[in-house]
Amino acid sequence: MKPVMVATWNFGVKAVSKGMDILLSGGSALDAVEEGIKVVEDDLEVLSVGLGGLPNVEGEVELDASIMDGGTLRCGAVGALKDIRHPISVARKVMELTPHVLLVGEGALKFALRCGFKRERFWKPGSRERWEEMLENLRKGKYEVESFYGRVWKAVGGLWKETVSAVALDAKGCMAAGNSTTGLFMKMPGRVGDSAVIGAGLYVDNRVGGAVTTGTGEVAINYCLSKRVCDLMASGLNPKEACEKAIAETLYRRNFDGGIAVLALNNKGEVGAAHSLKEFVYAYQDGGMDKPELRKVERFSGC
Ligand code: ASP
(Lines give C-alpha, C1' and ligand atoms only; values in the text may rest on other atoms or scores of the structure.)
Protein backbone atom coordinates (compact mmCIF):
# COMPACT_ATOMS: atom_id res chain seq x y z
CA MET A 1 0.00 0.00 0.00
CA LYS A 2 1.26 3.51 -0.86
CA PRO A 3 1.68 5.55 2.36
CA VAL A 4 0.02 8.96 2.55
CA MET A 5 0.08 11.71 5.14
CA VAL A 6 -1.78 15.01 5.43
CA ALA A 7 -1.54 17.78 8.01
CA THR A 8 -3.18 21.16 8.51
CA TRP A 9 -1.77 24.62 7.70
CA ASN A 10 1.59 25.76 6.33
CA PHE A 11 3.47 24.17 9.20
CA GLY A 12 1.82 20.89 8.19
CA VAL A 13 4.60 20.67 5.58
CA LYS A 14 7.14 20.08 8.34
CA ALA A 15 4.90 17.53 10.06
CA VAL A 16 4.25 15.63 6.85
CA SER A 17 7.89 15.73 5.81
CA LYS A 18 8.96 14.12 9.10
CA GLY A 19 6.03 11.71 9.11
CA MET A 20 6.65 10.55 5.53
CA ASP A 21 10.32 9.83 6.31
CA ILE A 22 9.01 7.41 8.92
CA LEU A 23 6.32 5.93 6.67
CA LEU A 24 8.69 5.48 3.74
CA SER A 25 11.14 3.57 5.90
CA GLY A 26 8.38 1.17 6.93
CA GLY A 27 7.32 2.92 10.15
CA SER A 28 3.79 3.01 11.54
CA ALA A 29 1.10 5.63 10.98
CA LEU A 30 1.03 6.20 14.73
CA ASP A 31 4.75 7.03 14.87
CA ALA A 32 4.46 9.23 11.78
CA VAL A 33 1.68 11.28 13.33
CA GLU A 34 3.37 11.65 16.73
CA GLU A 35 6.82 12.50 15.39
CA GLY A 36 5.44 14.83 12.73
CA ILE A 37 3.41 16.78 15.28
CA LYS A 38 6.40 17.00 17.64
CA VAL A 39 8.32 18.93 14.97
CA VAL A 40 5.60 21.61 14.96
CA GLU A 41 5.38 21.66 18.77
CA ASP A 42 9.11 22.39 18.82
CA ASP A 43 8.98 25.10 16.15
CA LEU A 44 9.66 28.48 17.76
CA GLU A 45 7.94 30.28 14.90
CA VAL A 46 4.61 28.52 15.45
CA LEU A 47 2.74 30.31 18.22
CA SER A 48 -0.50 28.35 18.02
CA VAL A 49 1.05 24.99 18.87
CA GLY A 50 3.29 23.84 21.70
CA LEU A 51 4.69 25.11 24.96
CA GLY A 52 5.60 28.79 24.93
CA GLY A 53 2.89 29.63 22.40
CA LEU A 54 -0.09 31.94 22.76
CA PRO A 55 -1.55 31.80 26.28
CA ASN A 56 -5.00 32.01 27.81
CA VAL A 57 -6.37 35.29 29.09
CA GLU A 58 -4.35 34.96 32.32
CA GLY A 59 -1.08 34.48 30.49
CA GLU A 60 -0.84 30.72 31.03
CA VAL A 61 -0.31 28.32 28.15
CA GLU A 62 -2.75 25.42 28.43
CA LEU A 63 -2.21 22.75 25.82
CA ASP A 64 -4.63 20.27 24.24
CA ALA A 65 -3.64 17.21 22.20
CA SER A 66 -4.94 13.80 21.20
CA ILE A 67 -3.95 10.74 19.22
CA MET A 68 -5.89 7.75 17.88
CA ASP A 69 -5.00 4.38 16.40
CA GLY A 70 -7.30 3.40 13.54
CA GLY A 71 -6.65 -0.33 13.96
CA THR A 72 -7.74 -0.74 17.57
CA LEU A 73 -9.71 2.53 17.98
CA ARG A 74 -7.62 3.14 21.08
CA CYS A 75 -7.06 6.81 21.80
CA GLY A 76 -5.54 9.17 24.34
CA ALA A 77 -5.84 12.88 25.01
CA VAL A 78 -4.73 15.68 27.32
CA GLY A 79 -6.54 18.93 27.99
CA ALA A 80 -5.36 22.18 29.61
CA LEU A 81 -1.91 20.64 30.17
CA LYS A 82 0.74 23.09 31.38
CA ASP A 83 4.53 23.10 31.25
CA ILE A 84 5.15 20.11 29.00
CA ARG A 85 6.88 20.47 25.66
CA HIS A 86 5.26 17.55 23.82
CA PRO A 87 1.58 17.15 24.72
CA ILE A 88 1.11 14.78 21.74
CA SER A 89 3.51 12.31 23.37
CA VAL A 90 1.70 12.58 26.72
CA ALA A 91 -1.56 11.86 24.87
CA ARG A 92 0.05 8.74 23.41
CA LYS A 93 1.12 7.61 26.88
CA VAL A 94 -2.46 8.13 28.12
CA MET A 95 -3.54 5.80 25.30
CA GLU A 96 -0.86 3.19 25.89
CA LEU A 97 -0.41 3.17 29.66
CA THR A 98 -3.76 4.03 31.22
CA PRO A 99 -7.29 2.68 31.12
CA HIS A 100 -8.48 6.23 30.41
CA VAL A 101 -8.91 8.39 27.34
CA LEU A 102 -8.61 11.97 28.58
CA LEU A 103 -6.56 13.51 31.40
CA VAL A 104 -6.78 17.24 32.12
CA GLY A 105 -5.03 20.00 34.08
CA GLU A 106 -3.11 19.03 37.23
CA GLY A 107 -3.82 15.32 36.75
CA ALA A 108 -2.45 15.37 33.22
CA LEU A 109 0.67 17.18 34.43
CA LYS A 110 1.23 14.72 37.28
CA PHE A 111 0.86 11.83 34.87
CA ALA A 112 3.32 13.40 32.43
CA LEU A 113 5.90 13.92 35.18
CA ARG A 114 5.46 10.35 36.33
CA CYS A 115 6.11 9.21 32.78
CA GLY A 116 9.41 11.11 32.85
CA PHE A 117 8.51 14.23 30.87
CA LYS A 118 10.38 17.33 32.04
CA ARG A 119 8.58 20.34 33.49
CA GLU A 120 9.49 23.49 31.54
CA ARG A 121 8.19 26.99 31.06
CA PHE A 122 9.19 29.54 28.42
CA TRP A 123 7.71 31.96 25.90
CA LYS A 124 8.23 31.46 22.18
CA PRO A 125 9.46 34.74 20.65
CA GLY A 126 6.54 37.14 20.14
CA SER A 127 4.02 35.20 22.19
CA ARG A 128 4.18 37.27 25.37
CA GLU A 129 4.12 40.52 23.35
CA ARG A 130 0.94 39.47 21.56
CA TRP A 131 -0.71 38.64 24.87
CA GLU A 132 0.27 41.98 26.39
CA GLU A 133 -0.91 43.86 23.32
CA MET A 134 -4.28 42.12 23.46
CA LEU A 135 -4.64 42.90 27.17
CA GLU A 136 -3.85 46.52 26.46
CA ASN A 137 -6.53 46.68 23.77
CA LEU A 138 -9.02 45.18 26.19
CA ARG A 139 -8.05 47.69 28.91
CA LYS A 140 -8.60 50.55 26.51
CA GLY A 141 -12.12 49.23 25.99
CA LYS A 142 -11.51 48.91 22.29
CA TYR A 143 -14.05 46.11 22.03
CA GLU A 144 -17.60 46.74 23.14
CA VAL A 145 -19.57 43.79 24.33
CA GLU A 146 -21.09 43.14 27.72
CA SER A 147 -18.82 40.69 29.58
CA PHE A 148 -15.05 40.62 29.87
CA TYR A 149 -14.85 37.18 28.28
CA GLY A 150 -17.36 38.27 25.69
CA ARG A 151 -15.04 41.15 24.79
CA VAL A 152 -12.08 38.81 24.64
CA TRP A 153 -13.97 36.46 22.37
CA LYS A 154 -14.88 39.25 19.98
CA ALA A 155 -11.40 40.73 20.13
CA VAL A 156 -9.56 37.59 19.13
CA GLY A 157 -12.18 36.14 16.78
CA GLY A 158 -10.44 34.86 13.69
CA LEU A 159 -6.94 35.24 15.13
CA TRP A 160 -4.43 32.50 15.71
CA LYS A 161 -6.69 29.55 15.27
CA GLU A 162 -4.23 27.04 13.92
CA THR A 163 -3.91 23.53 15.29
CA VAL A 164 -1.52 20.99 13.80
CA SER A 165 -3.83 18.10 12.93
CA ALA A 166 -2.60 15.09 10.95
CA VAL A 167 -3.83 11.81 9.48
CA ALA A 168 -1.53 9.08 8.14
CA LEU A 169 -1.93 5.82 6.22
CA ASP A 170 1.02 3.44 6.43
CA ALA A 171 2.29 0.76 4.05
CA LYS A 172 0.40 -1.94 5.99
CA GLY A 173 -2.90 -0.09 5.56
CA CYS A 174 -3.01 1.07 9.19
CA MET A 175 -4.15 4.57 9.94
CA ALA A 176 -3.66 7.06 12.78
CA ALA A 177 -4.63 10.64 13.54
CA GLY A 178 -3.35 13.23 15.99
CA ASN A 179 -3.42 16.89 16.83
CA SER A 180 -1.85 19.44 19.15
CA THR A 181 -2.60 23.07 19.96
CA THR A 182 -2.36 25.91 22.43
CA GLY A 183 -6.11 26.26 21.77
CA LEU A 184 -7.81 29.58 21.20
CA PHE A 185 -5.65 32.57 22.09
CA MET A 186 -7.01 34.37 25.21
CA LYS A 187 -9.37 31.50 26.00
CA MET A 188 -10.80 31.20 29.51
CA PRO A 189 -8.58 29.27 31.93
CA GLY A 190 -9.67 25.63 31.95
CA ARG A 191 -11.26 25.82 28.51
CA VAL A 192 -10.63 22.57 26.64
CA GLY A 193 -11.15 22.54 22.89
CA ASP A 194 -11.85 20.00 20.19
CA SER A 195 -8.22 18.93 19.95
CA ALA A 196 -8.60 16.99 23.20
CA VAL A 197 -12.03 15.61 22.37
CA ILE A 198 -12.12 12.33 20.46
CA GLY A 199 -14.79 12.41 17.76
CA ALA A 200 -14.65 16.22 17.60
CA GLY A 201 -11.00 17.11 16.85
CA LEU A 202 -10.15 13.73 15.37
CA TYR A 203 -11.41 10.26 14.59
CA VAL A 204 -9.89 7.40 12.61
CA ASP A 205 -10.89 3.86 11.79
CA ASN A 206 -8.84 1.64 9.44
CA ARG A 207 -12.05 0.30 7.95
CA VAL A 208 -12.99 3.75 6.64
CA GLY A 209 -10.42 6.53 7.11
CA GLY A 210 -9.73 9.46 9.39
CA ALA A 211 -10.67 13.10 9.86
CA VAL A 212 -9.21 16.00 11.84
CA THR A 213 -10.28 19.58 12.47
CA THR A 214 -8.88 23.04 13.08
CA GLY A 215 -10.62 26.34 13.80
CA THR A 216 -13.23 27.16 16.41
CA GLY A 217 -13.16 24.07 18.60
CA GLU A 218 -16.61 24.65 20.01
CA VAL A 219 -18.09 24.08 16.54
CA ALA A 220 -16.22 20.80 16.11
CA ILE A 221 -17.33 19.62 19.55
CA ASN A 222 -20.94 20.65 18.97
CA TYR A 223 -21.20 18.62 15.76
CA CYS A 224 -18.82 15.74 16.68
CA LEU A 225 -17.31 16.81 13.40
CA SER A 226 -14.51 14.30 12.83
CA LYS A 227 -16.70 11.32 13.71
CA ARG A 228 -19.45 12.74 11.52
CA VAL A 229 -17.08 12.90 8.55
CA CYS A 230 -15.92 9.31 9.18
CA ASP A 231 -19.54 8.15 9.35
CA LEU A 232 -20.33 9.94 6.10
CA MET A 233 -17.31 8.27 4.45
CA ALA A 234 -18.50 4.92 5.81
CA SER A 235 -21.85 5.54 4.14
CA GLY A 236 -20.10 5.80 0.77
CA LEU A 237 -19.13 9.47 0.35
CA ASN A 238 -15.60 10.31 -0.74
CA PRO A 239 -13.57 12.49 1.69
CA LYS A 240 -14.36 15.76 -0.08
CA GLU A 241 -18.10 15.05 -0.23
CA ALA A 242 -18.11 13.96 3.41
CA CYS A 243 -16.25 17.10 4.58
CA GLU A 244 -18.52 19.40 2.59
CA LYS A 245 -21.69 17.78 3.86
CA ALA A 246 -20.48 17.99 7.46
CA ILE A 247 -19.50 21.66 7.10
CA ALA A 248 -22.88 22.41 5.52
CA GLU A 249 -24.53 20.91 8.59
CA THR A 250 -22.58 23.20 10.93
CA LEU A 251 -23.57 26.23 8.85
CA TYR A 252 -27.23 25.29 8.78
CA ARG A 253 -27.59 25.62 12.55
CA ARG A 254 -24.77 28.08 13.38
CA ASN A 255 -24.76 27.38 17.10
CA PHE A 256 -21.37 29.10 17.56
CA ASP A 257 -19.70 32.07 15.97
CA GLY A 258 -16.52 31.11 14.23
CA GLY A 259 -15.31 29.02 11.36
CA ILE A 260 -14.04 25.48 11.29
CA ALA A 261 -12.07 23.30 8.86
CA VAL A 262 -12.10 19.54 8.50
CA LEU A 263 -9.53 17.45 6.61
CA ALA A 264 -10.08 13.77 5.78
CA LEU A 265 -8.05 10.87 4.35
CA ASN A 266 -9.75 7.58 3.56
CA ASN A 267 -8.21 4.10 3.66
CA LYS A 268 -7.69 4.17 -0.14
CA GLY A 269 -5.46 7.22 0.21
CA GLU A 270 -8.03 9.71 -1.12
CA VAL A 271 -8.09 13.14 0.52
CA GLY A 272 -10.67 15.90 0.91
CA ALA A 273 -11.29 19.00 2.99
CA ALA A 274 -13.85 21.73 3.51
CA HIS A 275 -13.99 24.83 5.67
CA SER A 276 -15.85 27.95 6.71
CA LEU A 277 -12.71 29.90 7.71
CA LYS A 278 -11.24 32.87 5.82
CA GLU A 279 -8.64 30.55 4.35
CA PHE A 280 -7.32 27.06 4.81
CA VAL A 281 -4.33 25.12 3.48
CA TYR A 282 -3.01 21.66 4.20
CA ALA A 283 0.12 19.68 3.39
CA TYR A 284 -0.07 16.44 1.40
CA GLN A 285 2.47 13.79 0.46
CA ASP A 286 2.11 10.25 -0.82
CA GLY A 287 4.66 7.53 -1.43
CA GLY A 288 5.20 8.66 -5.03
CA MET A 289 6.37 12.15 -4.06
CA ASP A 290 9.72 13.26 -2.70
CA LYS A 291 8.36 16.15 -0.63
CA PRO A 292 5.02 17.48 0.62
CA GLU A 293 2.95 19.93 -1.38
CA LEU A 294 0.71 22.62 0.07
CA ARG A 295 -2.92 22.57 -1.08
CA LYS A 296 -5.27 25.52 -0.79
CA VAL A 297 -8.93 24.77 -0.18
CA GLU A 298 -11.59 27.25 -1.31
CA ARG A 299 -14.04 28.31 1.37
CA PHE A 300 -17.13 26.08 1.22
CA SER A 301 -19.52 27.67 -1.23
CA GLY A 302 -22.49 27.27 1.10
CA CYS A 303 -20.93 29.73 3.63
N1 ASP B 1 -9.41 24.01 17.31
C2 ASP B 1 -8.56 24.70 18.23
C3 ASP B 1 -9.31 25.01 19.48
O4 ASP B 1 -10.46 25.41 19.40
C5 ASP B 1 -8.01 25.96 17.69
C6 ASP B 1 -7.27 25.84 16.41
O7 ASP B 1 -7.49 25.00 15.55
O8 ASP B 1 -6.38 26.62 16.30
O9 ASP B 1 -8.74 24.93 20.53
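On a predicted model such as this, the values are computed, not experimentally measured, just so you know. (Residues numbered from 1 in each chain as written. Predicted model: local features only at pLDDT ≥ 70, side-chain atom pairs only at ≥ 80, totals over all residues. Heavy atoms only, no water.)

**A short note on the pattern of salt bridges**
No. 1: One pass over the full model with this rule turns up 20 salt bridges.
No. 2: Two residues, Asp 205 and Arg 207, come together in a salt bridge whose shortest N-O distance is 3.0 Å.
No. 3: Relative accessible area serves as the criterion here: at 10%, Asp 205 is assigned to the buried category.
No. 4: According to the relative accessible area criterion, Arg 207 is exposed, its value standing at 68%.
No. 5: In this structure, Glu 249 and Lys 245 form a salt bridge, with 3.8 Å as the shortest nitrogen-oxygen distance. Of the two residues, Glu 249 and Lys 245 are both situated in helix 9 (residues 239-253); the distance of four residues between them amounts to about one turn of the helix.
No. 6: When its relative accessible area of 39% is taken as the criterion, Lys 245 is described as partly exposed.
No. 7: A single salt-bridge network, built from bridges that share partners, covers Glu 60, Lys 82, Asp 83, Arg 119 and Arg 121. (Salt bridge = Lys/Arg side-chain N within 4 Å of Asp/Glu carboxyl O. Buried < 20%, exposed > 50% of the residue type's maximum accessible area, 1.4 Å probe, protein only. Helix = DSSP H or I, 4+ residues; strand = E, 2+ residues; numbered from the N terminus.)

**Focus on the pairing of strand 10 (residues 271-275)**
Consecutive side chains along a regular strand alternate between the two faces of the sheet.
No. 1: For strand 10, a buried count of five out of five residues is recorded, marking the element as mostly surrounded by other parts of the structure.
No. 2: Both faces of strand 10 are covered, namely the face carrying Val 271, Ala 273 and His 275 and the face carrying Gly 272 and Ala 274.
No. 3: Here strand 9 (residues 260-266) pairs with strand 10 via five bridges, running antiparallel. Residue Leu 263 lies in a different strand from strand 10, and its bridge partner there is Ala 273.
No. 4: The hairpin turn running from strand 9 into strand 10, its antiparallel successor, is four residues long, and Gly 269 in that turn takes a positive phi close to 90°. (Pairing = 2+ DSSP bridges.)

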